[in-house]
Amino acid sequence: MGIADQFKDKAQELADQAKQKSGEGEDAARDRAKDAGDRDDTSGLKDRADDAADKARERFDR
């Protein structure tokens with residue numbers, strides 16, 4: 001086995017590792033997106049907006 005073959009083998013091994021790690025990153029991102037979609041944070045934001053609107057009305061109604 002020549003040195004060129006060793007470099008080719010090592011390059012292929014590194015390429016395979018990079019492809020595997022890339023796939024793992026995509027899976028993690030997909031899981032985070034799914035988790036974020038499962039949470040219902042919009043009701044909390046709506047409550048905060050309603051509270052702010054009520055405070056503004058109270059302040060300007062004086």
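Just above, that's the structure.
Scope of this entry: the structure provided in the associated data block. Bear in mind that the values here come from a model prediction, so they are computed numbers and not experimental data.

## Thoughts on the overall build of the protein
Right, so step 1: Assigned secondary structure in the protein consists of 2 helices and 0 strands.
Right, so step 2: Looking at the protein residue by residue over its 62 residues, the buried ones come to 0%.
Right, so step 3: Accessible area for the protein stands at about 5900 Å²; split by element, carbon and sulfur atoms hold 51% of it.

## Points about the pattern of salt bridges
Right, so step 1: All chains considered together, the criterion is met by 3 salt bridges.
Right, so step 2: Across the pair Asp50 and Lys46 runs a salt bridge whose closest N-O atoms are separated by 3.2 Å. Highlighted residues: Asp50 and Lys46, both in helix α2 (residues 42-60), separated by 4 residues, approximately one helical turn.
Right, so step 3: With relative accessibility at 35%, the residue Asp50 sits in the partly exposed group.

Conventions adopted
- Residues numbered from 1 in each chain as written.
- Predicted model: local features only at pLDDT ≥ 70, side-chain atom pairs only at ≥ 80, totals over all residues.
- Heavy atoms only, no water.
- Helix = DSSP H or I, 4+ residues; strand = E, 2+ residues; numbered from the N terminus.
- Buried < 20%, exposed > 50% of the residue type's maximum accessible area, 1.4 Å probe, protein only.
- Areas by Shrake-Rupley, 256 points an atom, 1.4 Å probe, with all protein chains shown as cover.
- Salt bridge = Lys/Arg side-chain N within 4 Å of Asp/Glu carboxyl O.

Purely spatial values, then, with no claim about function.
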